[in-house]
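Structure assessment
Spelled out, the chains give:
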Amino acid sequence: METPAYQQPAAVQIIRDRRGIIVGSFETQHLTKRTIARDARGLLVGQYDYRTDVTRDVCGALVGSGNLLPALLPRW
């Protein structure tokens, strides 16, 4: 039997550059059906909503349709 969404921990994926330095992370929230993008310092840079299939930046402005979170992470 599967665990309900509210009991599942958020899945966190660490993003690294070619040198192995952390540039950000993606946190998938099962209950809200969203993925949150954070930079290396842990600051929110944007979110992707699976239900509406749109990506928004930290201010809530529409970035585009589809998952565009990798484009919001800073390039070092």
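Residues numbered from 1 in each chain as written. Predicted model: local features only at pLDDT ≥ 70, side-chain atom pairs only at ≥ 80, totals over all residues. Heavy atoms only, no water.

1. Regarding the overall build of the chain
What the chain contains, in helices and strands, is 1 helix and 6 strands. Counting from the amino terminus, the chain carries its helices and strands in the arrangement β-β-β-β-β-β-α. In terms of overall dimensions, the chain has a C-alpha envelope of 45 × 30 × 20 Å along the principal axes. Burial status across the chain gives 25% buried among its 76 residues. Total accessible area on the chain stands at roughly 5,500 Å², and carbon and sulfur atoms take up 54% of it. Computing the positive centroid from 10 side-chain charges and the negative centroid from 7, the chain places the two 4 Å apart. (Helix = DSSP H or I, 4+ residues; strand = E, 2+ residues; numbered from the N terminus. Buried < 20%, exposed > 50% of the residue type's maximum accessible area, 1.4 Å probe, protein only. Areas by Shrake-Rupley, 256 points an atom, 1.4 Å probe, with all protein chains shown as cover. Lys, Arg positive; Asp, Glu negative; His and termini not counted. Charge placed at Lys NZ, Arg CZ, Asp CG, Glu CD.)

2. Regarding the pairing of strand S3 (residues 34-39)
As defined by bridge partners, strand S2 (residues 22-29) adjoins S3 across 6 bridges and the pair is classed as antiparallel. When the sheet's bridge partners are listed, Gln 29 is paired in S3 with Arg 34. Taking the residues between adjacent antiparallel strands as the criterion, S2 and S3 are bridged by 4 residues, where Lys 33 takes a positive phi near 60 degrees. (Pairing = 2+ DSSP bridges.)

3. Structural notes on the packing of aromatic side chains
Using the criterion set out here, one finds 1 aromatic pair in the structure. Both rings, one in Tyr 48 and one in Tyr 50, keep their centres 4.9 Å apart while their planes meet at 80 degrees; by these two values the pair is edge-to-face. We classify Tyr 48 as buried; its relative accessible area is 7%. (Phe/Tyr/Trp six-rings, centres within 6.5 Å; stacked < 30°, edge-to-face > 60°.)

4. Regarding the side chain of Thr 55
The residue Thr 55 is located in strand S5 (residues 54-57) in this model. What makes Thr 55 buried here is its relative accessible area of 0%. Every residue in contact with Thr 55, bar those within four places of it in the chain, is listed here: Gln 47, Tyr 48, Ala 61, Leu 62, Val 63, Gly 64, Gly 66, Asn 67, Leu 68, Leu 69 and Leu 72. (Contact = heavy atoms within 4.5 Å.)

5. Looking at unusual backbone geometry
Not every positive phi belongs to a glycine, and Lys 33 is a case in point at roughly 60 degrees. Within the secondary structure, Lys 33 sits in the loop between S2 and S3. In this structure Lys 33 comes out as partly exposed when scored by relative accessible area, which is 43%.

6. Here's the deal with the sheet that holds S3
Backbone-to-backbone hydrogen bonds pair the strands of a sheet. The strands run either parallel or antiparallel. As summarised here, the arrangement of the 6 strands in space is S1-S2-S3-S4-S5-S6, forming an open sheet in which the pairing is antiparallel. On the outer flanks of this sheet lie strand S1 (11-16) and strand S6 (62-65), each paired with one strand and no other. Taken over all neighbouring pairs, the strand axes of this sheet differ in orientation by 20 degrees on average, direction set aside. As paired elements, strand S4 (residues 44-49) and S5 share 4 bridges and run antiparallel to each other. Bridge pairing in S5 links Gln 47 to Arg 56. (Axes fitted to C-alpha atoms, helices over the stretch in contact; angles between N-to-C directions.)

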